[in-house]
Amino acid sequence: MTTTHEIQIGVTRRAADITRTKDAIWLIARKEAGEIILNRRGRAWLLAMVSVLSGFSLLLVGSTELSLLDNAQVVYDMSGIVVALGALLAIVVGADAFAGERERGPLLPLMLCPVSRSGILAGKLFGQLAAWGVMFALALPYLWAVGSTGQNLFDSILGLALFGTPVVLSFGLFAMGVGARLRSVRTSLMTMLIALLLGASPLLLGPSLRQSTLGRLFDAINPFSHAVNALDAMIIDSTGLMTQFVHFGVVLTWLVIAIAFATRSTDHLAS
């Protein structure tokens, strides 16, 4: 028969295990965020992003008279570019998360940490979220620069946070899952770059192609399409956030699918 003292010991041990797990996840998250943001490669990515946003800002502002309608279009285009850049960074980091560490060697010590593989995945995901937060913050001055004279600047920032974040994290999670399964950074990266090219096609295809039967079918299942359609409605059409439930539901559904895929892939990860 279990005594009260034994129950207290069990609860204490359980609490200590939870604390150690949280500490391990936090350490992994700090390591990942530091490598993405603070090291040489991370600074190179941020510099590249700033350069791309600067170039597009000059291109967009220089090619329009910035009437209210044109201003909204410019803000929408800039928001879509930010989401695409965030997804690109998430793919590169995600493909390297497990496959890269396997090739470089530190995957085995990581697997021996006092945390489950789902916990390791959570720590790496928090690192990607931190990187996306930095990119989001860097994008704000550019959105203000091209949209400060319009009426939907706040809507663009809100839409970018609510719809861009799930899309970026979904691509990062799929990249981690693919990297865990394929075990090759190059193969995982090429696979996910093709997926991103397909997903971001709404930014490349004209309205006429998207209105075709195949285009509408693709838009219906593509989370990137729903994100940019929501941004289109909020920024250009001045539609309220409360009418974007369908778009929000689709991007969240894909985020849940990505979490499940990455979790299943890392649970069967062998060092």
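Residues numbered from 1 in each chain as written. Predicted model: local features only at pLDDT ≥ 70, side-chain atom pairs only at ≥ 80, totals over all residues. Heavy atoms only, no water.

The secondary structure content of the chain amounts to eleven helices and zero strands. Scored against the burial criterion, the 271 residues of the chain give a buried share of 44%. Once local pairs closer than 6 in sequence are excluded, the contacts in the chain between residues at least 24 apart make up 79%. When the accessible area of the chain is evaluated, it comes to approximately 14000 Å², of which 69% is carbon and sulfur surface. (Helix = DSSP H or I, 4+ residues; strand = E, 2+ residues; numbered from the N terminus. Buried < 20%, exposed > 50% of the residue type's maximum accessible area, 1.4 Å probe, protein only. Contact = heavy atoms within 4.5 Å. Areas by Shrake-Rupley, 256 points an atom, 1.4 Å probe, with all protein chains shown as cover.)

In this model, the largest pocket occupies a volume close to 270 Å³. Lining the largest pocket are S170, F171, F174, M192, A195, L198, G199, F218, I221, N222, P223 and W254. For the lining of the largest pocket, the secondary structure elements donating two or more residues are helix 6 (153-182), helix 7 (185-199) and helix 9 (213-221). The element contributing the most residues to the lining of the largest pocket is helix 7, with four residues. (1 Å grid on protein atoms, 1.4 Å probe; cavity = no way out; pocket = protein on both sides within 12 Å on 5 of 7 lines; lining within 4 Å. Points joined across faces, edges and corners; volume = space filled by probe spheres on them.)

For the rest of this paragraph, the subject is the nonpolar core. Grouped together as the largest cluster of nonpolar side chains are 62 residues, with contacts concentrated most on L53, F171 and L173. Going through the elements one at a time, helix 1 (4-37), helix 2 (40-62), helix 3 (68-104), helix 5 (117-147), helix 6, helix 7, helix 10 (223-236) and helix 11 (245-267) are the ones with two or more residues in this core. With 16 residues, the top contributor of residues to this core is helix 3. Setting aside chain neighbours within four positions, we find F171 in contact with A87, I91, M192, A195, L196 and F224. (Core = buried A, V, L, I, M, F, W, Y, C linked by side-chain atoms within 4.5 Å.)

On the surface, V52, F56 and L59 cluster together into a nonpolar patch covering about 240 Å² of accessible area. Along the polypeptide, F56 turns up in helix 2. Using a relative accessible area of 34% as the deciding quantity, one classes F56 as partly exposed. (Patch = residues over 30% accessible without salt bridge, like charges linked within 9 Å, V, L, I, M, F, W, Y side chains within 5 Å. Salt bridge = Lys/Arg side-chain N within 4 Å of Asp/Glu carboxyl O.)

Tracing the backbone through its elements, the reader meets Y76 in helix 3. Residue class for Y76 comes out buried when judged on its relative accessible area of 9%. In sequence terms Y76 and A233 are 157 residues apart; their C-alpha atoms lie 9.5 Å from each other. Setting aside chain neighbours within four positions, we find Y76 in contact with V228, L231, D232, I235 and I236.

Let us look at the packing of aromatic side chains. The final tally for this structure, using the stated rule, is four aromatic pairs. When the ring of F163 is compared with that of F248, the centres are 5.7 Å apart and the planes differ by 85 degrees; the resulting orientation is edge-to-face. Taken together, the residues F163 in helix 6 and F248 in helix 11 connect sequence positions 85 residues apart. When the centroid spacing of 6.1 Å and the interplanar angle of 65 degrees are considered together, the rings of F174 and W254 count as edge-to-face. With F174 in helix 6 and W254 in helix 11, the pair connects residues that are 80 residues apart, well separated along the chain. By relative accessible area, which is 19% here, F174 ends up buried. A relative accessible area of 28% places W254 in the partly exposed class. Aromatic ring contacts, followed pair by pair, group F174, W254 and F261 into a single cluster. (Phe/Tyr/Trp six-rings, centres within 6.5 Å; stacked < 30°, edge-to-face > 60°.)

Structurally, the position occupied by S79 is in helix 3. Note on S79: relative accessible area 0%, which makes it buried.

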